[in-house]
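# Close look at the chain arrangement
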Amino acid sequence: MAAAGLRVAVIGGGIGGLAAALSLLRAGFDVQVYEQAGALGEIGAGIQISPNGSRLLHRLGLAEALARKGVRPVGVHQRRWDDGRTLQRAPLGDVIERTFGAPYYHFHRADLLAAIASALPDERLHVGHRLVEATDHGDHVEAGFENGVRIAADVLVGADGIHSRLRQILFGADKPSFTGCIAYRGLVPAERLAHLDLEVTSNNWMGPHGHFVHYYVAGGRLMNFVAVREEEAWTRESWVDRGEVADALRLFEGWHPQVRTIIGAVDETFKWGLFDREPLARWSMGRITLLGDSCHAMLPFMAQGAVQSIEDGATLTSCLQQADGDIPAALLRYEALRRPRATRLQEMSRLNKTRYHMPDGPGQEARDAQMATAGDRSIAAIGWLYTHDAGVVPSEAA
Ligand SMILES: Cc1cc2nc3c(=O)[nH]c(=O)nc-3n(C[C@H](O)[C@H](O)[C@H](O)COP(=O)(O)OP(=O)(O)OC[C@H]3O[C@@H](n4cnc5c(N)ncnc54)[C@H](O)[C@@H]3O)c2cc1C
């Protein structure tokens, strides 16, 4: 289908929405992005972007911008919660880049979002636009925003996150479920941890009913941590709340001194309830579709939520390029190509909750023994995830 002139409206200016918009724009579509917030922005936290995501961002012309801000960890280091014993080490860095043709990156989220946003012309970004309604008229879609603006488009894409309004419009209201996990997140100035002489790796400490992840971001100036614990309920109205450092330290009582030193060095920490959704049976209807957390929110235990949203945008672009005039069919094809992979990652992320949080005892010992021999982060084991090129879609005829 001739991309020129085809109007695509993307709802949501998060990582998924902006990456999709840039991909569509590079392919020649007439893209507009509508974001509810008054300005584009991301929370103060880190994010891991594996080669299956960075490959696509490089293709969009962002390699230099990403290299300026990203940290390339040399490996993954998985450890036991109390004595710090290594359970598994796997290479990242040059080995990953050589093998998969794109780097494994750690970013401050704001840096990643800014890198994508800066490649989009300002006139295509409409902040202060909160989608409230959408109607598919068959030959076009109409969308209405809280500020009274109405727009028409040929394709409407919901990249509006886990609370997605567009998902609700398409498939009715359902509630994301609390996963029984809370996460304290924080950023520590690296100089406060200099005495620990920490390696530039992606670190995951596994213990009873919790795990602790940390890695450098912002060119190595900040250490990002995510401290996850199981908790029975999330009683707050909001999904994110200011957390007390002392509470986080209490939850990690008895954990290795390195874990406690990192938590104790932070100025402020935020506490998140972790939610996910059941895999959706459908993502698209007519000329409207979904991407990212709006259709496949997942626990962060595979570090793939944002990466999968970037993959969605690439596949969506290719399917629309091959649409041959039938947009609903192209959106169904996009969904058919993407849904099995995203669902698999939703399920794997859930399984990792059990695997990472085993109480001390025979089950945990069996896991440790298995990790020591199996190398589940080895090149061979992770290849299926990192080799996938979501922008390469076989032509329909093929
Ligand atoms: C603790 C934690 C760690 C994580 N770590 C990783 C990681 O290392 N790697 C990784 O790949 N993923 C990670 N994730 C997952 C990742 O953060 C998400 O999957 C990703 O940010 C989803 O992007 P999105 O664009 O789909 O949604 P969002 O980032 O939620 O963006 C949605 C956007 O839509 C806007 N919006 C919402 N409603 C409307 C409306 N009605 N109208 C207009 N705009 C609207 C919002 O304001 C927002 O800007 C992690 C998640 C958590 C919680």
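Data block above holds the structure.
Rules and cut-offs
- Residues numbered from 1 in each chain as written.
- Predicted model: local features only at pLDDT ≥ 70, side-chain atom pairs only at ≥ 80, totals over all residues.
- Heavy atoms only, no water.
- Helix = DSSP H or I, 4+ residues; strand = E, 2+ residues; numbered from the N terminus.
- Rg over C-alpha atoms; globule rule 2.2 N^0.38 Å.
- Buried < 20%, exposed > 50% of the residue type's maximum accessible area, 1.4 Å probe, protein only.
- Contact = heavy atoms within 4.5 Å.
- Areas by Shrake-Rupley, 256 points an atom, 1.4 Å probe, with all protein chains shown as cover.
- Lys, Arg positive; Asp, Glu negative; His and termini not counted.
- Charge placed at Lys NZ, Arg CZ, Asp CG, Glu CD.
- Pairing = 2+ DSSP bridges.
- Axes fitted to C-alpha atoms, helices over the stretch in contact; angles between N-to-C directions.
- Near = heavy atom within 4 Å.
- Nonpolar A, V, L, I, M, F, W, Y, C, P; charged D, E, K, R; others polar.
- Core = buried A, V, L, I, M, F, W, Y, C linked by side-chain atoms within 4.5 Å.
- Parallel < 35°, antiparallel > 145°, perpendicular 65-115°, else oblique.
- Left-handed = near helix turned anticlockwise from the far one by under 90°.
- Salt bridge = Lys/Arg side-chain N within 4 Å of Asp/Glu carboxyl O.
- Polar contact = N/O pair within 3.5 Å; in protein donor to acceptor, adjacent residues only side chain to side chain.

## Some details on the overall build of the protein chain
- Scanning the protein chain for helices and strands turns up 12 helices and 18 strands.
- Radius of gyration (C-alpha) of the protein chain: 21 Å, near the 21 Å computed for a compact globule of 398 residues.
- Seen through its C-alpha atoms, the protein chain measures out along the principal axes to roughly 65 × 45 × 40 Å.
- Burial statistics for the protein chain: of 398 residues in total, 55% are counted as buried.
- Residue pairs in contact within the protein chain that sit at least 24 positions apart in sequence constitute 76% of those at least 6 positions apart.
- On the protein chain, roughly 16,100 Å² of surface is accessible, and the fraction owed to carbon and sulfur atoms is 52%.
- In the protein chain, 41 positive and 47 negative side-chain charges are present, and the distance between their average locations comes to 3 Å.

## A look at unusual backbone geometry
- If you check the backbone angles, Ala303 has positive phi at about 50° while not being a glycine.
- Residue Asp324 is not a glycine yet carries a positive backbone phi of 55°.
- Structurally, Asp324 is set in the loop between helix H9 (305-321) and helix H10 (327-356).

## Let's talk about the sheet that holds strand E4 (residues 75-80)
- Pairing is mixed in the open sheet, where eight strands are placed in the order E5-E4-E13-E14-E15-E12-E17-E16. Strand pairing shows two members of the sheet lacking a second neighbour, strand E5 (86-91) and strand E16 (240-243), which therefore form its edges. Averaged over all adjacent pairs, the angle separating strand axes in this sheet is 20°, with direction ignored.
- Note that strand E12 (residues 177-189) and strand E15 (residues 222-230) share nine bridges and pair antiparallel. The residue bridging Ile182 from the neighbouring strand is Arg229, located in E15.

## Some remarks on the site of the ligand
- In the neighbourhood of the ligand, 31 residues make up the surrounding shell, with Glu35, Gln48, Arg109, Leu131 and Asp293 lying closest.
- Burial of the ligand by the protein chains amounts to 86% of its free accessible area of 1,000 Å².
- Put simply, the parts of the chain that give the shell around the ligand at least two residues each are helix H1 (15-26), strand E3 (46-49) and H9.
- Split into classes, the residues belonging to the shell around the ligand amount to 12 nonpolar, 12 polar and seven charged.

## Re the nonpolar core
- Counting residues in hydrophobic clusters, the biggest one holds 69 residues, and the most contacted among them are Val10, Ile49, Leu57, Leu112, Ile116, Leu156 and Leu320.
- With eight residues, H1 is the largest single contributor of residues to this core.
- Residues contacting Leu112, with those up to four places away along its chain left out, are Ile15, Ile47, Ile49, Leu57, Leu66 and Phe107.
- Tyr184, Ala190, Trp234 and Phe252 belong to the second-largest nonpolar core, a separate cluster that totals 27 residues.

## Let's talk about the sheet that holds strand E11 (residues 155-158)
- Sheet architecture is open: five strands sit in the order E7-E2-E1-E11-E18, paired in parallel fashion. Strand pairing shows two members of the sheet lacking a second neighbour, strand E7 (125-126) and strand E18 (288-290), which therefore form its edges.
- Note that strand E1 (residues 7-11) and strand E2 (residues 30-34) share five bridges and pair parallel. Along E2, the bridge assignment pairs Ile11 with Tyr34.

## Here we look at the packing of helix H3 (residues 93-100) against helix H12 (residues 379-386)
- Contact pair H3 / H12: the axes reach a minimum separation of 12 Å and the direction vectors enclose 55°. The pairing of H3 with H12 is recorded here as oblique in orientation. In this structure, H3 crosses over H12, and the sense of that crossing is right-handed. In this structure, H3 contributes Val95, Ile96, Thr99 and Phe100 to the contact, and H12 contributes Ile379, Ile382, Gly383 and Tyr386.
- In the contact of H3 with H12, the residues fall into six nonpolar, two polar and no charged.

## Thoughts on the pattern of salt bridges
- The full count for this structure, using the stated rule, is 25 salt bridges.
- It is possible to trace a salt-bridge network through shared partners that takes in Arg80, Asp82, Asp83, Arg85, Asp360, Arg367 and Asp368.

## Observations regarding the pairing of strand E13 (residues 201-207)
- Among the seven residues of E13, seven are classified as buried, and the element is accordingly described as predominantly covered.
- The two faces of E13 match: Thr201, Asn203, Trp205 and Gly207 on one face and Ser202, Asn204 and Met206 on the other face are all buried.
- Pairing between E13 and strand E14 (residues 210-217): five bridges, direction antiparallel. Bridge assignment links Met206 to a residue of E14, and that residue is His211.
- Hairpin connection from E13 to E14: two residues lie between these consecutive antiparallel strands, with His209 at a positive phi of about 60°.

## A few points about the side chain of Asp154
- Within the element layout of this structure, Asp154 appears in the loop between strand E10 (150-153) and E11.
- For Asp154, the side chain forms a polar contact with the main-chain nitrogen of Arg7, separated by 2.7 Å.
- Ignoring sequence-local partners within four residues, the contact set of Asp154 consists of Gly5, Leu6, Arg7, Asp139, Val141, Arg287 and Ile327.

By themselves these figures say nothing about function.
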